[in-house]
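Observations on the model geometry
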Amino acid sequence: MTFSPWYRIPIETERSVIIVQTEQKSSILITDAYAVVTMDAALTVVSNGYVLIQDGWIQEVGRMESVPQHLLDGAHTHIAATGKIVLPGLINTHHHLYQ
């Protein structure tokens, strides 16, 4: 288990789980996801997708083919999610922090 110095929360990398919660102004770009499960009313799944998070809010979800170059160049943090499934906005209420 590692700790991010400015997120101040654990980031589990052993199980490919990345928890991102930010209190400062920032942008996070998650790219190359195998699938982005949006959990919208239509249960949309975006293959080969990206997610843009700005100031702690999900701003944009789309396919890598349509990601604007300024997002790739300007994000404060870039997370390559190659081969991973991304569930933006997932709140995990089942946890074992005491183990």
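Residues numbered from 1 in each chain as written. Predicted model: local features only at pLDDT ≥ 70, side-chain atom pairs only at ≥ 80, totals over all residues. Heavy atoms only, no water.

Where nonpolar side chains cluster on the molecular surface, the patch consists of Tyr34, Met39, Leu43, Ile85, Leu87 and Leu90 and spans about 690 Å² of accessible area. With respect to the helices and strands, the residue Leu43 is situated in the loop between strand 3 (27-37) and strand 4 (45-54). Owing to a relative accessible area of 59%, Leu43 belongs among the exposed residues under this scheme. (Patch = residues over 30% accessible without salt bridge, like charges linked within 9 Å, V, L, I, M, F, W, Y side chains within 5 Å. Areas by Shrake-Rupley, 256 points an atom, 1.4 Å probe, with all protein chains shown as cover. Salt bridge = Lys/Arg side-chain N within 4 Å of Asp/Glu carboxyl O. Helix = DSSP H or I, 4+ residues; strand = E, 2+ residues; numbered from the N terminus. Buried < 20%, exposed > 50% of the residue type's maximum accessible area, 1.4 Å probe, protein only.)

The subject of this paragraph is the pairing of strand 5 (residues 57-63). On any regular strand, side chains alternate: one points to one face of the sheet, the next to the other face. Here 6 bridges tie strand 4 to strand 5, and the two strands are oriented antiparallel to one another. Bridge pairing links Ile53 to Ile58 in strand 5. If you look at the hairpin formed by strand 4 and strand 5, you'll find 2 residues sitting between the two strands, and Asp55 has a positive phi there, around 50°. (Pairing = 2+ DSSP bridges.)

Let us look at the environment of Val45. Along the chain, the position of Val45 falls in strand 4. When its relative accessible area of 51% is taken as the criterion, Val45 is described as exposed. Separated by 10 residues in sequence, Val45 and Ala35 have C-alpha atoms that sit 6.3 Å apart.

One finds Ile28, Ile30, Ala33, Val36, Val46, Val51, Ile53, Ile79, Ala81 and Val86 forming the largest nonpolar core, which totals 10 residues. Those elements giving two or more residues to this core turn out to be strand 3 and strand 4. A per-element tally of this core places strand 3 first, with 4 residues. (Core = buried A, V, L, I, M, F, W, Y, C linked by side-chain atoms within 4.5 Å.)

Further remarks concern the pairing of strand 3. Burial within strand 3 is extensive, with 9 of its 11 residues counted as buried. Across 8 bridges, strand 3 lies against strand 4 in antiparallel orientation. The residue of strand 4 that forms the bridge with Val37 is Val45. Here 4 bridges tie strand 3 to strand 6 (residues 77-80), and the two strands are oriented parallel to one another. Residue pairing across strands places Ile28 opposite Thr77, the latter belonging to strand 6. With 2 bridges connecting them, strand 3 and strand 7 (residues 85-86) associate as parallel partners. Bridge pairing links Ala35 to Ile85 in strand 7.

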